[in-house]
Structure formats: C-alpha cells, structure tokens
Amino acid sequence: MKTLVLLGKKYLDEIVFTKSNVLGETNTCSFVVKKNGGMYNFEEINFENEWKINYKDSGVKKAYIINDKSLSSRTSYVYDQKGSSHEKKFLESFQNDTDWVHICYLDDYECYEDLKNLSIPFSVDFCTTKNRESFMDIMKKAEIIFDSRERKGLYEGLDMNTKLILHDEYGVEVIKNGKIISKIDNIPTKGLSVNGAGDIFAGNFIKHYISTDAITASKKSMRETTNLLIKRKK
C-alpha cells in the first residue's frame with residue numbers, strides 16, 4: 001500500500017447550493033451544507049484500498065461558497081482564521097514512510113519555503129491568481145503542478161521542466177518547458193455541482209500517475225472526476 005500525504009490549510013466550507021445566482025438580486029438557494037473542504041475533498045475519491053491518505057493540516061481557512069448548478073460554476077469568499085505555521089522537523093516526521101506529498105493551494109500556505117526540504121516526489125496546486133514567479137523554487141522542484149486552464153497566462157515566460165497540468169470542463173493540457181505535449185478534450189456536462197472538482201482531479205491524477213504517465217493519468221482522472229461529479233446529481 002502506498003502513502004499519500006496531503007499538506008495544506010484546513011478549509012471550513014459553508015456551501016450554498018442554488019439553481020441560479022444573479023448578482024444584485026435576491027436569490028433562492030436549495031440548501032446549505034457545512035463540511036471540510038480543500039484537501040478533505042480527497043475523501044470523495046475511490047483509492048481502491050491501494051493508498052493510505054494522511055491529512056496534515058496547518059492553519060485554518062473559512063470559505064463561503066456559492067454553487068451555481070445552472071452554470072456548473074462556483075464562487076468562493078474566504079478569510080484566514082489561523083495562518084499556517086512553521087513547525088521544526090514537521091516535514092521530517094512523515095518523509096521516511098511516504099510515497100507522495102500533495103500541497104493543496106501552495107499560494108495559500110504561508111510556510112511554503114519549508115517545502116524546499118522535501119526529498120520525496122510531490123505535487124502542488126493553486127487557488128488564486130497570485131504571481132507564480134515567487135513560487136518558482138518550489139515549482140521547479142515539484143513533480144507536477146495542477147492549475148485551472150483559465151490561469152494559463154500566469155505561466156507564460158516561466159522556464160521550468162516540471163509538468164504543468166491545466167484542466168477545466170473542456171479538457172486537459174499537459175505542458176512541459178512551455179510546450180503543450182498533450183491536449184485531451186472533454187464534452188462538458190451541464191448542471192453539475194463542481195465545488196472541489198480541482199482537488200478531486202488532482203487526487204485521481206496522483207492515484208494513476210505513480211504507476212503510469214502524465215497523459216494516461218490525465219485521461220483517467222478527467223473521466224473519473226466527471227463520473228464522480230455526475231454521481232453527485234443522483
């Protein structure tokens with residue numbers, strides 16, 4: 001059995017589900033759900049008893065999320081309740097018996113400089129439009145970078161060998177050294193609850209990537225993530 005460590009803040013999500021959301025108007029919601037989000041969205045993934053998942057949260061974030069099913073979109077409003085903190089020997093505590101580390105939202109983890117000491121394969125993703133140059137040291141050392149395709153412009157001109165996996169409802173682009181090495185198309189499914197879709201895609205990708213390759217993992221994770229989101233409708 002392989003071990004995956006998830007590192008990031010603990011997100012406390014309050015999700016408002018609505019069939020439409022018109023700014024400046026009074027909108028009706030279907031229901032409201034309170035749950036742990038961020039890396040805890042990995043709990044929805046079927047790891048088929050082949051992976052042990054360890055959650056290592058540092059810091060707390062409150063998130064208010066509008067989940068608009070008519071557009072298959074989500075909008076979030078967040079604030080810090082507690083910042084991530086430096087802990088001596090924190091990373092050393094799990095490196096010896098871990099196969100992969102995934103940093104959930106590198107741009108929201110104040111102690112990201114500590115990650116330079118990671119000596120095992122790791123991946124990162126992002127949740128904001130912060131300039132990516134300040135994270136170059138970590139991104140160059142990472143095995144995989146995940147991000148939304150709408151943020152593709154943030155990586156223009158950045159020279160790195162790390163594979164960049166950009167995804168959205170229309171598919172996936174696998175980029176290396178600034179060049180697209182694979183483009184996988186997807187036909188969007190309407191009316192989905194998409195909150196946490198990026199986390200779920202990343203988890204499915206990691207599950208497959210460790211025994212295959214980036215293109216195969218992209219295809220499988222895109223299909224499995226879509227199927228999981230469709231199951232939410234039932």
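These numbers come from a predicted model, not from an experiment. (Residues numbered from 1 in each chain as written. Predicted model: local features only at pLDDT ≥ 70, side-chain atom pairs only at ≥ 80, totals over all residues. Heavy atoms only, no water.)

Thoughts on helix α4 (residues 214-231)
Next up, step 1: With 18 residues, α4 should reach 26 Å at 1.5 Å per residue; the first-to-last C-alpha distance of 25 Å fits that figure.
Next up, step 2: Among the residues of α4, A214, A217, S218, S221, M222, T225, T226, L228 and L229 are the ones counted as buried. When α4 is viewed along its axis, its buried side chains cluster within an angular range of 160 degrees and face the same direction.
Next up, step 3: In this fold, the buried residues of α4 make contact with β8 (163-168), β9 (171-176), β10 (179-185) and α3 (197-209).
Next up, step 4: Regarding α4, its N-cap is D213, as a side-chain oxygen of that residue lies 3.0 Å from the backbone nitrogen of I215 further along. (Helix = DSSP H or I, 4+ residues; strand = E, 2+ residues; numbered from the N terminus. Expected span 1.5 Å × (residues − 1). Buried < 20%, exposed > 50% of the residue type's maximum accessible area, 1.4 Å probe, protein only. Arc of directions from axis to C-beta. Contact = heavy atoms within 4.5 Å. Polar contact = N/O pair within 3.5 Å; in protein donor to acceptor, adjacent residues only side chain to side chain.)

A word on the nonpolar core
Next up, step 1: Within the largest apolar cluster, 32 residues are counted, with the highest numbers of intra-cluster contacts made by L4, F42, F146, I165 and F205.
Next up, step 2: Those elements giving two or more residues to this core turn out to be β1 (2-18), β3 (51-68), β7 (144-148), β9, α3 and α4.
Next up, step 3: No other element matches the six residues that α3 contributes to this core.
Next up, step 4: If near-sequence neighbours (up to four positions away) are discounted, I165 is found in contact with I144, I145, F146, D147, V172, E173, V174, F201, F205 and S218.
Next up, step 5: Grouped together as the second largest cluster of nonpolar side chains are 28 residues, L7, L118, F126 and L166 included. (Core = buried A, V, L, I, M, F, W, Y, C linked by side-chain atoms within 4.5 Å.)

Some details on a nonpolar patch on the surface
Next up, step 1: A surface patch of nonpolar side chains, amounting to about 330 Å² of accessible area, comprises Y64, Y77 and Y79.
Next up, step 2: Mapping Y64 onto the fold places it in strand β3. (Patch = residues over 30% accessible without salt bridge, like charges linked within 9 Å, V, L, I, M, F, W, Y side chains within 5 Å. Areas by Shrake-Rupley, 256 points an atom, 1.4 Å probe, with all protein chains shown as cover. Salt bridge = Lys/Arg side-chain N within 4 Å of Asp/Glu carboxyl O.)

Some points on the pattern of salt bridges
Next up, step 1: Evaluated as defined, the whole model comprises 15 salt bridges.
Next up, step 2: Among the salt bridges present, the one from R151 reaches D147, with a minimum N-O distance of 2.7 Å.
Next up, step 3: For D147, a relative accessible area of 2% translates into the label buried.
Next up, step 4: Each member of the salt-bridge network shares a partner with another, and the members are K9, K61, D80, D108 and E110.

Observations concerning α3
Next up, step 1: Taking 1.5 Å of rise per residue, the 13 residues of α3 would be expected to cover 18 Å, and the 18 Å separating its terminal C-alpha atoms lies within 8% of that figure.
Next up, step 2: Counted residue by residue, α3 has twelve buried out of 13 residues, so it is predominantly covered.
Next up, step 3: When we look at burial in α3, the residues that qualify are A197, D199, I200, F201, A202, G203, N204, F205, I206, K207, H208 and Y209.

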